[in-house]
Amino acid sequence: MSFNTSPALGVDALWSLCLALVRERRAGAAFSDLQGMGGLRWQEEPQGWVLGAGWDDAAVERFALLKPVLDRRSGGKPWVIGQLGQSLNGCIATRGGDANYVNGEEVLTHLHRLRALCDAVIIGAGTAAIDNPQLTTRRVPGEHPVRVLIDPALGLPDTLRAFGDGQAPTLLVCDAQRADEAAKRLGGDQVLGVPGLLDSASGAMQLRPLLDALAQRGLHVLFVEGGGVTVSRFLAQGCLDRLHLSIAPVIIGDGRPGLSLPPSAFMRDCPRPAGRVFRLGGDMLWDLDLRGSHA
Ligand SMILES: NC(=O)c1ccc[n+]([C@@H]2O[C@H](COP(=O)([O-])OP(=O)(O)OC[C@H]3O[C@@H](n4cnc5c(N)ncnc54)[C@H](OP(=O)(O)O)[C@@H]3O)[C@@H](O)[C@H]2O)c1
C-alpha cells in the first residue's frame, strides 16, 4: 500500500499563481494557451479557471473568493467589482468619517489582494479627502493598481498622497469641460477628463462614460473601493458586476451609510443577488453576483 505524502499546496502558492495570471492577462495572453498553469485549468465560459487537486482547504476557499476576478480576460468590456466594509447596522464609518477600522485584518488584506488583481482602484472624493489613502498593495506581494479619484467639483487638495507619492499612477476624474483647469494644478498626466461625466441637464454623475474612458486607457478590471455614496452610484446605474460586502460585528451609532438607493415600494421588487458567504477572521464577507440570477 502506498500513501501520497506530498504536502498540500497552500494560500501563498495560490497567490503566486494569481499574480502570474494577472500578468498574463495584462500582457494580452489567451487563457486557453495557459492550460495546466500550476494546477489551474482554463475551461470556456461559464466555468473559467478550475483548480486541480493537491491544494489545502484554505487555498480552495481563497480560490473560490478570488475566482470571479481571476476569470476576467484581457480587453473586452469593463468589469467592475465594488466593496464596502460595514457595521451590523449598515454604516461604513462614524458620522465624522472615521473608518479605521470597521473590519479586521483579514478583510483589509483581502482589499489589498483585490487592488493587486485589478487594473485600477476607484474612490470617491469623500474618501480621498477624509482618508488620504495610498491605495497600494503594501500588505501583499503584487503590483499597485492605477489610482482613480472621482472629483468632479475639483475640491480635492493637490497635497493628497496619491498625487505626490509616486508609488503608482494617479488619475483625478472630472468632466472633460473642467479637465484643463485640473491639469493646470496637477499636470495633464494626472487628469482624466470624461466627456459626459456630468449630465448637462441634471448635473448628475454618469458612470458609464467613466468606464469607457478607463477601458480606452487599457484599464478593464476595476475595483470600486468606496465610499458608500460612490459604490451606491455604481450599483444604481447598473455599473457593478460584483460586490464584496464585509460585515463586521460592530455597531456604529448614526454613522455614514453604506448602500443607499432610491426607495423600493414592495419587497417583491427588491433584487436578491445570488451570493456566497466567506468568513474572514471575525467578519463575514458576502460575495454577491450582480449579473447572476435574482431569486
Ligand atoms: N468601510 C469601508 O469600506 C469604507 C471604504 C471607503 C471609504 N470609507 C469611508 O467612507 C467615508 C466617505 O464615503 P462617502 O460615502 O461619504 O463619500 P465617497 O463615496 O467617498 O465620495 C462621494 C462624495 O464625496 C463627497 N464629498 C464629501 N466630502 C468631500 C470633501 N471633503 N471633498 C470633496 N468631496 C467630498 C462628494 O459630495 P457631492 O456629491 O456633494 O459633491 C462626492 O459626491 C469616509 O469616512 C471613508 O473613511 C469606508
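Please read these numbers as outputs of a predicted model, since none were measured by experiment. By convention here, each chain's residues receive numbers from 1 onward along its written sequence. Residues qualify for local features only when their pLDDT is at least 70, as the model is predicted, and side-chain atom pairs are given and counted only at 80 or more; totals for whole chains, interfaces and linings, by contrast, use all residues. Heavy atoms from the whole structure form the basis of all side-chain values; hydrogens and water molecules are not counted.

**Comments concerning the overall build of the protein chain**
Across its full length, the protein chain carries eight helices and 13 strands. On the principal axes, the C-alpha backbone points of the protein chain span a range of 75 × 40 × 35 Å. Expressed as a percentage of the 295 residues in the protein chain, the buried residues total 47%. A contact between two residues is defined here by any heavy atoms of the two lying within 4.5 Å. Expressed as a percentage of contacts within the protein chain between residues at least 6 apart in sequence, the contacts between residues at least 24 apart total 65%. If you sum the accessible surface of the protein chain, you get close to 14300 Å²; carbon and sulfur atoms cover 53% of it. His residues and chain termini do not enter the charge count, which takes Lys and Arg as positive and Asp and Glu as negative. All charge positions are set by atom: Lys at NZ, Arg at CZ, Asp at CG, Glu at CD. Across the protein chain, 29 positive and 31 negative side-chain charges occur, with their mean positions spaced 2 Å apart. Labels follow the DSSP assignment, with helices taken as runs of H or I lasting at least four residues and strands as runs of E lasting at least two, numbered in each case from the N terminus. Any residue under 20% of the maximum accessible area for its type is buried, any over 50% is exposed, and the rest in between are partly exposed; the area is computed with a 1.4 Å probe on protein chains only. Areas reported as accessible are Shrake-Rupley estimates using a 1.4 Å probe. Residue values count occlusion only from the protein chains shown.

**Side note on the site of the ligand**
Any residue with at least one heavy atom within 4 Å of a molecule or strand is counted as near it. Surveying the vicinity of the ligand reveals 22 residues, the closest of which are Gly85, Thr127, Asp131, Val229 and Thr230. Within the side chain of Arg233, one N or O atom sits 3.2 Å away from an oxygen atom of the ligand. In isolation the ligand exposes 920 Å². Once the protein is present, 71% of that is buried. Among the elements of the structure, strand 3 (79–86), strand 4 (91–93), helix 4 (125–131), strand 9 (221–226) and helix 8 (228–236) are those that each provide at least two residues to the shell around the ligand. Broken down by element, the residue count for the shell around the ligand peaks at six residues, all from helix 4. Side-chain classes follow a simple rule in which Ala, Val, Leu, Ile, Met, Phe, Trp, Tyr, Cys and Pro form the nonpolar group, Asp, Glu, Lys and Arg form the charged group, and the remainder, Gly included, forms the polar group. Across the shell around the ligand, the residue classes break down as eight nonpolar, ten polar and four charged. Polar contacts, as used here, are pairs of N or O atoms within 3.5 Å; protein pairs need one atom able to donate a hydrogen and one able to accept it. Residues neighboring in sequence count only if both atoms are side-chain atoms.

**Comments concerning the packing of aromatic side chains**
Geometrically, a pair of aromatic rings is defined through the distance of the ring centres and the angle of the planes. Two aromatic rings, drawn from Phe, Tyr or Trp (for Trp, its six-membered ring), form a pair once their centres lie within 6.5 Å of each other, and the interplanar angle then sorts them: stacked below 30 degrees, edge-to-face above 60, tilted otherwise. Under the defined criterion, the tally for this structure stands at three aromatic pairs. Measuring from centroid to centroid gives 5.1 Å for Phe31 and Trp49, while their planes differ by 50°, and the two rings are tilted. Separated by 18 residues along the polypeptide, Phe31 in the loop between helix 1 (11–26) and strand 1 (40–43) and Trp49 in strand 2 (residues 48–51) bring together distant segments of the chain. Take Phe31: its relative accessible area is 3%, and that puts it in the buried class.

**A few points about the domain arrangement of the protein chain**
Entries for the protein chain in the domain assignment read domain 1 (1–74) and domain 2 (77–260 + 273–294). For each domain, the first and last residues come from an automatic or database assignment. Here the C-alpha centroids of domain 1 and domain 2 sit 27 Å apart. Taken together, the contact between domain 1 and domain 2 spans 15 residues of the former and 22 residues of the latter. The term buried area means the drop in 1.4 Å probe accessible area that two parts suffer when joined, counted for both and summed. Across the domain 1/domain 2 interface, buried area totals approximately 1700 Å², and carbon plus sulfur atoms make up 67% of it. Here, a salt bridge means any Lys or Arg side-chain nitrogen found within 4 Å of an Asp or Glu carboxyl oxygen. Where domain 1 packs against domain 2, one counts three salt bridges. As a salt-bridge pair, Arg26 and Glu143 come within 3.8 Å of each other at their nearest N and O atoms. Run the count over domain 1 and domain 2 and you get six residue pairs in polar contact (both at pLDDT 80 or more).

**Looking at the pairing of strand 8 (residues 191–194)**
Two elements, strand 7 (residues 170–175) and strand 8, share four bridges in a ladder whose sense is parallel. Along strand 8, the bridge assignment pairs Val173 with Leu192. The definition of a right-handed crossover adopted here requires that, viewed with the strands pointing away, the path from the first strand over the helix to the second runs clockwise. Tracing the backbone out of strand 7, into helix 6 (residues 179–186) and back to the parallel element strand 8 gives a crossover that is right-handed. Whether two strands pair depends on DSSP finding at least two bridges between them.

**As for the side chain of Asp71**
By secondary structure assignment, the location of Asp71 is in the loop between helix 2 (57–70) and strand 3. In contact with Asp71, other than residues within four places in its own chain, are Phe31, Trp42, Gln47, Gly48 and Trp49.

**As for the nonpolar core**
Here, nonpolar core means buried Ala, Val, Leu, Ile, Met, Phe, Trp, Tyr and Cys residues that are tied together by side-chain atoms lying within 4.5 Å of each other. Within the largest apolar cluster, 47 residues are counted, with the highest numbers of intra-cluster contacts made by Trp15, Trp49, Val69, Leu70, Leu117 and Leu149. With eight residues, helix 1 is the single largest residue contributor to this core. No fewer than three residues from each of domain 1 (1–74) and domain 2 (77–260 + 273–294) sit in this core.

**A closer look at the pattern of salt bridges**
Inspection of the entire model under this criterion finds 14 salt bridges. Note that Glu44 and Arg73 form a salt bridge whose closest N and O atoms lie 3.2 Å from each other. Of the two residues, Glu44 is situated in the loop between strand 1 and strand 2 and Arg73 in the loop between helix 2 and strand 3; the sequence distance between them amounts to 29 residues. A relative accessible area of 36% places Arg73 in the partly exposed class. The salt bridge partner of Glu225 is Arg115, with a shortest N-O separation of 2.7 Å. You can see Glu225 sitting in strand 9 and its partner Arg115 sitting in helix 3 (residues 105–117), a full 110 residues away along the chain. Ionic contacts of the salt-bridge type, sharing partners, join the residues Arg25, Arg26, Asp119 and Glu143 into one network.

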